[in-house]
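Here is what each chain is made of, one letter per residue.
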Amino acid sequence: QVQLVESGGGLVQAGGSLRLSCAASGRTFSSYRMAWFRQAPGKEREFVASISASGSNIVQADSVKGRFTISRDNAKNTVYLQMNSLKPEDTAVYYCAARNVVSARYQYWGQGTQVTVSS
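Let us look at the structure shown here.

1. Points about the packing of aromatic side chains
- Going through the model one piece at a time under the given rule, you end up with five aromatic pairs.
- Measuring from ring centre to ring centre gives 5.9 Å for Tyr32 and Tyr108, while their planes differ by 65°; the resulting arrangement is edge-to-face. Of this pair, Tyr32 sits in strand β4 (residues 32-39) while Tyr108 sits in strand β10 (residues 108-109), placing them 76 residues apart in sequence.
- Look at Tyr32 and you get buried, because its relative accessible area is 7%.
- With 6.4 Å between their ring centres and 70° between their planes, Tyr106 and Trp109 make a pair best called edge-to-face.
- Tyr106 gets classed as buried once you look at its relative accessible area, which sits at 19%.
- One cation-aromatic arrangement involves Arg72 over Phe29; the distance from NZ or CZ to the ring centre is 4.5 Å.
- When the ring centre of Tyr106 is taken as reference, the NZ or CZ atom of Arg99 above it lies at 5.4 Å.

Now the structure itself:
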């Protein structure tokens with residue numbers, strides 16, 4: 001059982017940076033793969049990045065490669081998304097998600113945090 005709370009969203013100018021945090025309350029956080037998704041107005045939810053339980057495997061969407069970095073600190077039960085060189089098209093609600101490494105789908109989701117990038 002994992003509960004997730006995102007923070008760090010806000011309004012920034014294009015080219016700026018934000019770091020999102022996702023704090024997990026689950027006792028077995030270190031056993032879960034973590035991911036960030038986002039949903040822009042009028043669009044479906046899309047995958048942003050994920051990181052394996054150990055942190056050794058990272059997957060990123062092409063749209064954010066070279067700009068965003070996902071990381072985790074299992075000692076703090078926290079996953080991060082460092083977002084640099086933000087673009088207006090990055091504007092979305094960003095969601096943190098978690099799943100057991102053998103699960104087919106992400107099982108747990110946070111409420112989301114709004115990221116708005118102005119031009």
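2. Focus on the environment of Ile58
- Within the secondary structure, Ile58 is located in strand β6 (residues 58-60).
- Ile58 sits 23 residues away from Ala35 along the chain, and the two C-alpha atoms are 9.4 Å apart.
- Apart from residues no more than four positions distant in its own chain, Ile58 is found in contact with Ser50, Ile51 and Ile70.

3. What to know about the side chain of Arg67
- Residue placement: Arg67 occurs in the loop between β6 and β7 (68-73).
- For Arg67, a relative accessible area of 10% corresponds to the buried category.
- Engagement of the side chain of Arg67 in a polar contact is seen with the backbone oxygen of Ser63, the distance being 2.9 Å.
- Apart from the residues lying within four places of it in its own chain, the contact partners of Arg67 are Gln82, Met83, Asn84, Ser85, Leu86, Lys87 and Asp90.

4. Focus on unusual backbone geometry
- If you check the backbone angles, Asn77 has positive phi at about 55° while not being a glycine.
- Among the structural elements, Asn77 can be located in the loop between β7 and β8 (78-83).
- Phi at Ser85 takes a positive value of approximately 50°, unusual for a residue other than glycine.
- With respect to the helices, strands and loops of the structure, Ser85 is situated in the loop between β8 and β9 (92-100).

Cut-offs and rules
Residues numbered from 1 in each chain as written. Predicted model: local features only at pLDDT ≥ 70, side-chain atom pairs only at ≥ 80, totals over all residues. Heavy atoms only, no water. Phe/Tyr/Trp six-rings, centres within 6.5 Å; stacked < 30°, edge-to-face > 60°. Helix = DSSP H or I, 4+ residues; strand = E, 2+ residues; numbered from the N terminus. Buried < 20%, exposed > 50% of the residue type's maximum accessible area, 1.4 Å probe, protein only. Lys NZ or Arg CZ within 6 Å of the ring centre and 35° of its normal. Contact = heavy atoms within 4.5 Å. Polar contact = N/O pair within 3.5 Å; in protein donor to acceptor, adjacent residues only side chain to side chain.

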